[in-house]
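# Secondary and tertiary structure notes
Okay, here's what each chain looks like letter by letter:
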Amino acid sequence: MAGIPTFSSSAQSQEPRLVNYRFPLASMCVLFFFIGFITVLNDVLIPHLKEMFSLNYTQAMLIQFCFFSAYFIVSVPAGFLVHNVGYKKTVVIGLLTAALGCGLFYPAASLHIYGFFLLALFVLASGLTILQVSINPYVAALGPERMASSRLNLAQALNSLGTTIGPFFAGMMLLSTAGVAAGAAAVKMEYLLLAGVLIIAAFVVKSLKLPEINHDVDIVEVNDGRSIWQAKQTLFGACAIFFYVGAEVGIGSFLINYFELHHIGNIPAEKAAHFVGYYWGGAMIGRFIGAVVTRVVKPQFALMFNGSMAILLLCISMNSHGYIAMWSILAVGLFNSIMFPTIFSLAIKGLEKHTSRGSGLLCLAIVGGAIMPLVQGGVADMTDVQASFIVPALSYLVIIGFAIKAPKLVDKWRQLKVN
């Protein structure tokens, strides 16, 4: 976890005061849009490949497994890459790796091999992981430290815009086709187009005169008598992030198949893909609302409320049909909005010099997006899609439990230092 870069106050204080960071910041925010746009395409790719290869739900969820497992496997090596070659070169490497992954969809579709698609997805996700590891701390460092959170929120808003637009684009490209041959051609066209855009972006970034931020990413020995493994708020927070990402990704992955059901939406896949955009759009809107609400409401209370509302909406959807079932599950996206940043901030609260290690542990917990959809797929195969939403519902219980316990766990961690 030491390989995951973080910025330090000492590095911040050394930055040139007169440097104009607006253009570099805008460039990095555009990359956040690409990351969100590409990631959410999986929600449309899943039903498309499921039909192409006659997969069951568990097999179809291997798409998310291969994609999000890259975050667990590649994050630490990506951190070392930043340390050795710098942020700008790492961003270029990430873009070209993602472009390679998109390019691999062409032979995968030509050969009609599902395993090849999974390999392409892993390579693509590896490139996006490299981008995430490099541009998150870079954006935080592009300007005054006191405004770092604001810059990251802006970048995340553009990420959410990408996740909102992506399903509409993919629905038109992939789900409007009929037949295996036409479906394979649509996959080739979409991902070759994305590969071209990513390659162009890599050359643009390479040509930009971006300021170099020197960060100390080496392991810092902390001699305050505590270990990160004693920080129970961080360990519990990692579990909460694991289940949150798993729940959010799992719900999005099943929406199209869910809305196709006769007693739910009875709508074709292409139209159902548009509704997926509303799910992710709700998360985008919720971030703006949450930014205001969390100024006056304690974060743990906001997290408890949102987790409870998510469970309530899932229960309504699982026990209803038609538009009630559809819109109740889409509304879960609105309440997902503040969960990741709120869990993250509560989990690293009070860590002080242990923050970098705690942050690394929390980032690795994103692997929940690989595991939990696979579990939900297994439940869907044993029962049905509607009943499978019990998996994310139970996941939100873990998040509520974390919200309740986090403040007490932070106090216990602080007492360890005193003792």
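Predicted model only: the values in this text are computed from it and were never measured. (Residues numbered from 1 in each chain as written. Predicted model: local features only at pLDDT ≥ 70, side-chain atom pairs only at ≥ 80, totals over all residues. Heavy atoms only, no water.)

Let us look at a positive patch on the surface. A grouping of K232, K405, K408 and K412 is seen on the molecular surface, where their side chains present a positively charged patch. Looking at the positive patch element by element, the count peaks at three residues for helix α19 (residues 390–418). Tracing the backbone through its elements, the reader meets K232 in helix α10 (residues 232–260). Take K232: its relative accessible area is 55%, and that puts it in the exposed class. (Patch = residues over 30% accessible without salt bridge, like charges linked within 9 Å, V, L, I, M, F, W, Y side chains within 5 Å. Areas by Shrake-Rupley, 256 points an atom, 1.4 Å probe, with all protein chains shown as cover. Salt bridge = Lys/Arg side-chain N within 4 Å of Asp/Glu carboxyl O. Lys, Arg positive; Asp, Glu negative; His and termini not counted. Charge placed at Lys NZ, Arg CZ, Asp CG, Glu CD. Helix = DSSP H or I, 4+ residues; strand = E, 2+ residues; numbered from the N terminus. Buried < 20%, exposed > 50% of the residue type's maximum accessible area, 1.4 Å probe, protein only.)

Turning to the nonpolar core, a few remarks are in order. With 133 residues, the main nonpolar core has F259 and Y396 as its most contacted residues. No other element matches helix α2 (residues 22–52), which puts 16 residues into this core. Contacts of Y396, omitting those with residues within four sequence positions, involve A247, E248, I251, G307, A310, I311, L314, V332, N336 and M339. (Core = buried A, V, L, I, M, F, W, Y, C linked by side-chain atoms within 4.5 Å. Contact = heavy atoms within 4.5 Å.)

Our next topic: the packing of α10 against helix α17 (residues 368–382). Two elements in contact, α10 and α17, have axes separated by 7 Å at closest approach and are oriented at 50 degrees. As summarised for this structure, α10 and α17 are arranged oblique, according to the angle between their axes. The two elements α10 and α17 meet at a crossing, and its hand is right-handed. For the pair α10 and α17, the contacting residues are F242, F243, V245, G246, V249, G250, I251 and F254 in the first and G368, G369, I371, M372, P373, Q376, G377 and A380 in the second. (Axes fitted to C-alpha atoms, helices over the stretch in contact; angles between N-to-C directions. Parallel < 35°, antiparallel > 145°, perpendicular 65-115°, else oblique. Left-handed = near helix turned anticlockwise from the far one by under 90°.)

To continue, consider the packing of aromatic side chains. Evaluated as defined, the whole model comprises 24 aromatic pairs. An angle of 65 degrees between the planes, with centres 4.9 Å apart, marks the rings of Y258 and F389 as edge-to-face. Placement of the pair is Y258 in helix α10 and F389 in the loop between α18 (385–388) and α19, with a sequence separation of 131 residues. Each ring, one from F259 and one from F275, has its centre 5.9 Å from the other, and the planes form 75 degrees; the classification is edge-to-face. In this pair, F259 sits in helix α10 while F275 sits in helix α11 (residues 269–293), placing the two residues 16 residues apart along the sequence. An aromatic cluster is present here, built from Y57, F168, F254, Y258, F259, F275, Y278, W327 and F389 joined pairwise through their rings. Looking at K50, its charged tip hangs above the ring of Y57, at a distance of 4.4 Å from the centre. For the cation-ring pair, K188 lies above Y106, with the distance from its terminal atom to the ring centre recorded as 4.9 Å. (Phe/Tyr/Trp six-rings, centres within 6.5 Å; stacked < 30°, edge-to-face > 60°. Lys NZ or Arg CZ within 6 Å of the ring centre and 35° of its normal.)

Turning next to helix α12 (residues 299–318). Counted at 1.5 Å a residue, the expected span for α12 with its 20 residues is 28 Å, and the 29 Å between its end C-alpha atoms agrees. The set of residues buried in α12 consists of Q300, A302, L303, N306, G307, A310, I311, L313, L314, S317 and M318. Down the axis of α12, the buried set is contained in an arc of 165 degrees. They therefore lie on one face. (Expected span 1.5 Å × (residues − 1). Arc of directions from axis to C-beta.)

Our next topic: a nonpolar patch on the surface. A cluster of nonpolar side chains, contributed by I285, I289, V293, V296, V297, F301 and L334, occupies part of the molecular surface with about 600 Å² of accessible area. With three residues, the single largest contributor to the nonpolar patch is α11. Residue classification places F301 among the partly exposed residues on the basis of a relative accessible area of 47%.

Turning our eyes to something else, we now look at the confidence of the model for the chain. Here the chain averages 86 in pLDDT, while 87% of its residues score no lower than 70. Across residues 1–18, confidence stays below pLDDT 50; counting only partners more than four residues off in sequence or on other chains, it has 46 contacts. Taken together, the stretch residues 215–221 has pLDDT below 50 and engages in 16 contacts with residues farther than four places along the chain or on a different chain. (pLDDT = per-residue confidence, 0-100.)

Spanning 24 residues, helix α4 (residues 62–85) covers 33 Å between terminal C-alpha atoms, matching the ideal 34 Å at 1.5 Å per step. The axis of α4 is deflected most strongly, by about 50 degrees, at V74, and proline P77 appears within four residues downstream. Of the residues trailing α4, G86 is marked for its positive phi of about 95 degrees. (Bend = angle between axes of the 7 residues up to and from the residue.)

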